[in-house]
Amino acid sequence: MSPLPAAALVLLAAPLAALAFGFFVTHRVRPRTTHLPILASCAAVAAASLALLGGALGGASWSGRLFTWISAAGVQVHFGLLLDPLSVSVLSMVAVVGFLIHIYAVGYMRHDAAFSRFFLYFHLFFFAMVGLLTSDNYLQLYLFWEGVGLASFLLIGFWQHKPTARAAAWKAFLTNRVGDVGFLLAILLLFRWTGTVAFADLFSNPSLLSSQKAFIVGFLLFWGACAKSAQFPLYVWLPDAMEGPTPVSALMHAATMVTAGVFLLARSYPLLERAPGLLPFIALVGAFTAVWGAVGAFFRKDIKRILAYSTVSHLGLMTLGRGGGGVFPAVFHLIVHGFFKAALFLCAGNVIHGLHDSLGGAPTATVDDAGGLRASMPMTFAAFTLGAVSLAGVPPFGGFWSKEFVLAGAFGTPALAALGLLTALGSSLYIGRMLFLTFLGRRSWQKGHAAHAHEAPPVMWVPVLLLSLGGALAGFLAAPLARLLGVEPHHASHTVTALSIASMAAGFGLAWAAADLAPGGEPAWRSRHPALLEAVESDFGWQPFCDRAAGAVAGAARFLGDIVEGSIWDPGTEDAAAAFPALSEVLGRRARGILNDYALLMTAGAAGLAILVSLCF
Amino acid sequence: MLLTGLWALPMLTAPLVWAAPSRRAARLLALAASSAVLLYSIWLWGPFSAEEGLLRLHESGAPGAYGLRYHLAVDGVSLSLCWLTAFLSLVSIVATWSDERPNAYWAAFLALEAALMGVFLMQNLFWFYVFWDAALIPMFFIIGLWGSGNRRRAAFKFILYTFVGGLTLLLGLVGLVALHHQATGAWTWEIPELTRATASGPWAPYVFLAIAAGFAVKVPVFPLHNWLPDAHTEAPAAGSVMLAGAMLKMGVYGLMRILVPAFPALSAAALPWAAGLGVASILYGALCAMAQKDLKRLIAFTSVSHMGFCIVGIFSLTPEGLSGAALQMINHGLSTGGLFLLVGFLYERAHARGLDDFGGLAQSAPWFAFFFAFVMLSSIGLPGLNGFVGEALSLYGLLRASPPLAAAASLGAVLAAAYGLPSFQRVFWAPPGPASRSPLVRDLTFREQAVLWTLAVPIVGLGLFPKPLLDLVAPAVQSLAQR
């Protein structure tokens, strides 16, 4: 470990400076220019990350303390940066993808009245993620983890006037807090059992934690990651989170937020490894979530919601990858996914933007609103296609390679292998369906609408194309990443490759059949199974169940706050207070001025006091 | 004579303020006095650091009959509470500057400041109690004379509750002195002496309970909290700031200064019950806050929840938990003080406090929205801001003492998000309600912003650099934990 280079300080200083300048100066003086300091900061962070990546490929890694944060007896926490191969590799992806999404957002948000506020929130999101990736201990990571949560709250609820946006923002923050409680307890338990939360101390000395304690801590960390990284059962906030502007979804699903949990588990791998049975359990949850998300994505019509469920599914794959095959498959898929998912979301943004007039300004679109956009939006079509084939795992595009590594790790266990292959099939099925319905097929948007769809301006399609190219070519990153992480990747056998390609192809075939591109109306299979659609719409009852649970807590709150406080405590104390005047009334009637009474009372009182005193001493 | 100035200066200025020739002169004098007290209290850090030992800056008169003696001293915990009191007094006066209040109003705040200082400074039980009860009087008038609609009911509830609590406390304190006499044969009211020897005997548990109940009313601990929502709701804004920000700390301070050191064994034995009540306060306060429709009532219930963290921190009897409690006292004073100020500014404009009266203020009053969100986030324990450090340390102390209770208390973090963010959303994001359409609802004025920025500095400062404060309270906390 070398001391921190200047580039490391840029990572935090540039966003902080840009946010302060934006908030205090441009936001007040020239709100239309707030994006300028922020883009400069993005560029600085991206350059610094790539410089660090170069150094890391040369075998360097850095760490250093900045200042002491908390110091109270057994709790000593220092604020510091840790730039090891893991953080630098994820950071590079986040910085580059984040930068491109920032550029895109300039075009997308150009006409929004709150342009300046948007960029401040947006960059806060980015800053919190950079801080999260570079933290050198769990508590500092938790600080930025909560910062990511706060920024997501502000951005999901960005269009404040919409009740659905307000509800989604709250749901996201609340669900994440449910997970954060686990994370915080894990941190406090680490303090109690080991006296430290610094990664360097914890991981250099594995014997600090017994395997049983490692299991408890690991499980709680996983619980926290389940919320942030949208794993079953805490994924419920993510599908609603597309209420924010589309660049937010892109940033959230690709670079910041949902990748935080996967990163946390990758960071904690040495600890998870020590816990018996935990990694298989994590892999199983991941595999289940992967299939669950794929099913959700296939039946949805809202284009952003399809992509949201697809993220749930792919986060499941990453979790499966780490559970089955170590850090490398998870991190590799995280990076590849970051590129293609950002591209896909921004394409969805272009579609919404292009259909703006015919949608009447709605912030999202369904596959029925779109259709046949291939001709009018060629750049977006190209980018989406590249992203889609990458996501589906068509060789030789990026997603193919990362999925191979995930499946290779999973193939030890038949159940995991089956779920993994099912996800491979599901991925090409839902993304194929979306591709066909949106860009091929009928031109439903022309029905009754005078407006024509139009291609997005270059500021919006160039970043998207770059992102999708990044996703498509990401296979080349496998070897350097493996070298960086110091692992010998476990290559898939030919059987696995053949099976996964077959699943992928089957998925596309089914998608073509299911999409039913003939003009007019629903595909026949959809209208035949209304009950099935309804069940999928509610995630097989899981979403309503969560709503009911939240409603029960709110009901308990109303019971305590209104009924117990208002009808029991308040009258209770007030009646007791009213008893005093009544008592004085009674006593007053006793005081009739008869000397004998007073003498008697006085004697009784004195005797009582004497007894009390003698008892005491 | 260093410490006497802290309570004597406001006490002596108060009658002058009352007798001032005009309201303007009264205000100015109050401002000058409270600024002087704040500067003076900060300056005291110098002499304080120059001394050694736990209790410093001793100042005492000749011993009187029955061990009554004028004796002042401070340790890190009481010094930080003096700063908080001086800071919030000044903030209260500046924040309500434009209210047309009579002279007595400003005098009452100085008297309150003096009484609070006395509580935090006195090392003689007798004098401690004199100041303890004296603090009730100005607060009674602040609520009863200058409060809102239901002020009389609230003021009487406040005085009855806390007076009965005070009597219980007095019984307990006299009992403590008697126990000490029984054990040593000497009469003393000196707190350092009373807490040096451990009180014991068959009556000790009853004395312990009486003192604990007396302090618990003030904190307040569930189920003795019922006076608080009404008092906070009806008090004028600055009154709520002082009540929540500084006055509730009297109870927690009493637990740390008197109860726990005098009865270490009983405190340890009481852990499941005391920490259980602390956890109950955390959860009950948060749940009640979720259901409130009046902003001030909502913040009042969050106080119950936040003070619960102080209780669990103290009764964990660990240095981390006690540090957390000491820090949480300051943090709660800043965050809750800030929230009451903001609601006060809002009430001044719209004469409404209901959550549903407002809406859409983020558009018309962005600075309001910014500061409300900022202070609310500090209050619900967002790491990086002050609230988190105190809560996390208290929680850690509790975890060392009782993991299941700590797990239960941590649910308070979820509930905090469940009351904090919706209240922000309803006032600032939701569609405008009747009150927010009023043209009187403008954004913060320069003076109001200045007050809030001065609160923002310690909120961020203690969130990221709590070390100086933690170091300041560390010796006191260590000696308490070792008992």
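Numbers given for residues are sequential positions, taken from 1 along each chain in its written order. Chain labels run from A onward and ligand labels from 1 onward, assigned in the order the entries are written. At least 70 in pLDDT is required for a residue's local features to be given in this predicted model, at least 80 for side-chain atom pairs to be given and counted, and no such filter applies to totals for whole chains, interfaces and linings, which use all residues.

Comments concerning the overall build of chain A
The helix and strand inventory of chain A stands at 26 helices and 2 strands. Along the first, second and third principal axes, the C-alpha atoms of chain A reach 110 × 65 × 60 Å. Here a strand is any run of E in DSSP of at least two residues, a helix any run of H or I of at least four, and the numbering for each starts at the N terminus.

Overview of the overall build of chain B
Across its full length, chain B carries 22 helices and 2 strands. Put simply, the radius of gyration uses C-alpha atoms, and a globule should come to 2.2 Å times the residue count raised to 0.38. Over its C-alpha atoms chain B spans a radius of gyration of 21 Å, differing by no more than 12% from the 23 Å that the globule rule assigns to 483 residues. Along the first, second and third principal axes, the C-alpha atoms of chain B reach 70 × 60 × 45 Å. Any residue whose C-beta has 12 or fewer other C-beta atoms within 10 Å is treated as exposed, any with 20 or more as buried, and any in between as partly exposed, C-beta atoms being built from the backbone. Expressed as a percentage of the 483 residues in chain B, the buried residues total 64%. Long-range pairs, those at least 24 residues apart, make up 80% of the contacts in chain B with a sequence separation of at least 6. Two residues form a contact once the distance between their C-beta atoms, set from the backbone, is within 7 Å.

Points about the interface of chain A and chain B
Interface size, as often reported, equals the accessible area lost upon joining of the parts. Across the contact, 44 residues belong to chain A and 45 residues belong to chain B. Among the secondary structure elements, those contributing two or more residues to the side of chain A that touches chain B are β1 (62–72), α5 (138–156), α6 (163–194) and α25 (542–590) of chain A. Looking at which element gives the most residues to the side of chain A that touches chain B, the answer is α6 of chain A, with 13 residues.

Things to note about the pairing of β1 of chain A
Residue and element names in this part refer to chain A. Two strands form a pair only when DSSP identifies at least two bridges running between them. With 9 bridges connecting them, β1 and strand β2 (residues 75–83) associate as antiparallel partners. Note that in β2 the partner of R65 across the bridge is G80. Linking β1 to β2, which pair antiparallel, is a turn of 2 residues; within it A73 sits at a positive phi near 45 degrees.

Structural notes on the nonpolar core
Ranked by size, the top nonpolar core spans 422 residues in total, and within it V97, F125, M129, I187 and A342 of chain A together with I211 of chain B carry the most contacts. Broken down by element, the residue count for this core peaks at 19 residues, all from helix α15 (residues 327–354) of chain A. Here I187 of chain A is in contact with Y138, L139, Y142 and V197 of chain A, once residues within four sequence places are set aside. In these notes, a nonpolar core means any group of buried Ala, Val, Leu, Ile, Met, Phe, Trp, Tyr and Cys residues linked to one another through C-beta atoms within 7 Å.

Focus: unusual backbone geometry
Of the consecutive residues F232 of chain A and P233 of chain A, the connecting peptide bond is found in the cis state with omega at 10 degrees. Summarising the element assignment, P233 of chain A is placed in the loop between α8 (211–228) and α9 (237–240). That bond from V219 of chain B to P220 of chain B is cis: its omega, -10 degrees, falls within 30 degrees of zero. Of note, P220 of chain B is situated in the loop between α10 (204–218) and α11 (227–234). Of note, F540 of chain A is a non-glycine position whose phi angle comes to about 55 degrees, a positive value. Positionally, F540 of chain A belongs in the loop between α24 (530–537) and α25. We classify F540 of chain A as partly exposed; it has 13 C-beta atoms within 10 Å. The residue L317 of chain B is not glycine, and still its phi comes out positive at about 55 degrees. Topologically, L317 of chain B is positioned in the loop between α15 (295–315) and α16 (319–350).

Description of helix α5 (residues 103–121) of chain B
To estimate the expected span of a helix, subtract one from its residue number and multiply by 1.5 Å. Taking 1.5 Å per residue, 19 residues should reach 27 Å; α5 of chain B reaches 27 Å between its end C-alpha atoms and fits that length. By the criterion of burial, α5 of chain B is predominantly enclosed, with 18 of the 19 residues buried.

A few points about helix α22 (residues 494–515) of chain A
Residue and element names in this part refer to chain A. In a regular helix each residue adds 1.5 Å, so 22 residues correspond to 32 Å; α22 covers 31 Å between its end C-alpha atoms and thus fits that length. Taken together, the buried positions of α22 are occupied by S500, S503, M504, G507, F508, A511 and A515. Projected down its long axis, α22 carries its buried residues within an arc of 135 degrees, all on one side. The outward face of α22, more than 90 degrees from its buried face, is lined by the exposed residues H494, T495, A498 and A513. Against α17 (378–392), α18 (398–410) and α19 (414–439) lie the buried residues of α22. The directions considered for the arc run from the helix axis to the C-beta atoms.

Section: the environment of F79 of chain A
Residues and elements named next belong to chain A. Tracing the sequence through the fold places F79 in strand β2. Exposure remark for F79: the 19 C-beta atoms within 10 Å place this residue in the partly exposed category. Non-local contacts of F79, meaning those with residues more than four positions away in its chain, are made with L66, F67, W69 and Q140.

Examining the packing of helix α2 (residues 23–43) of chain B against helix α4 (residues 76–95) of chain B
Residue and element names in this part refer to chain B. Two elements in contact, α2 and α4, have axes whose closest approach is 9 Å; the angle formed by their N-to-C orientations is 155 degrees. As judged from the angle between their axes, α2 and α4 are roughly antiparallel. Considering how the two elements wind past one another, α2 and α4 form a crossing that is left-handed. Of α4, the residues touching α2 (which contributes A30, L31, S34, S35, V37, L38, S41 and I42) are C82, W83, A86, F87, S89, L90 and I93. A breakdown of the residues in the contact of α2 with α4 according to their chemical character gives 11 nonpolar, 4 polar and no charged. Geometry is summarised by axes, namely lines fitted to C-alpha atoms with helices restricted to the contacting stretch, and by angles between N-to-C directions that run from 0 to 180 degrees. Just so you know how the angles are binned, under 35 degrees is roughly parallel, over 145 roughly antiparallel, 65 to 115 roughly perpendicular, and the rest oblique. Put simply, a crossing is left-handed when the front helix is turned counterclockwise from the back one by less than a right angle, and right-handed when it is turned clockwise. By the convention adopted, Pro, Cys, Tyr, Trp, Phe, Met, Ile, Leu, Val and Ala count as nonpolar, Lys, Arg, Asp and Glu as charged, and the other residues, Gly among them, as polar.

Remarks on the environment of I142 of chain B
Residue and element names in this part refer to chain B. Along the chain, I142 turns up in helix α7 (residues 136–146). Taking the C-alpha atoms as reference, I142 lies 26 Å from L79; in sequence the two are 63 residues apart. For I142, the contacting residues outside a window of four places in its chain are A108, A235, P236 and G239.

As for the packing of α6 of chain A against α8 of chain A
Residue and element names in this part refer to chain A. Orientation of α6 relative to α8, taken along the N-to-C sense of each, is 155 degrees, at an axis distance of 7 Å. Overall, the two elements α6 and α8 adopt an arrangement that is roughly antiparallel. Regarding α6 and α8, the two cross each other, and that crossing is left-handed. Facing α6, whose interface residues are T175, N176, V178, G179, D180, G182, F183, L185, A186, L189, L190 and W193, α8 presents K213, I216, V217, L220, L221, W223, G224, C226, A227 and K228.

Some points on the confidence of the model for chain B
Every residue is assigned a pLDDT by the predictor, reflecting its confidence on a scale from 0 to 100. Per-residue confidence for chain B gives a mean pLDDT of 90; residues scoring 70 or more make up 100%. For this predicted complex, the interface score ipTM comes out at 0.93, alongside a pTM of 0.92.

Concerning the environment of H337 of chain A
Structurally, the position occupied by H337 of chain A is in helix α15. Sequence separation of H337 of chain A and S493 of chain A is 156 residues, and the distance between their C-alpha atoms is 23 Å.

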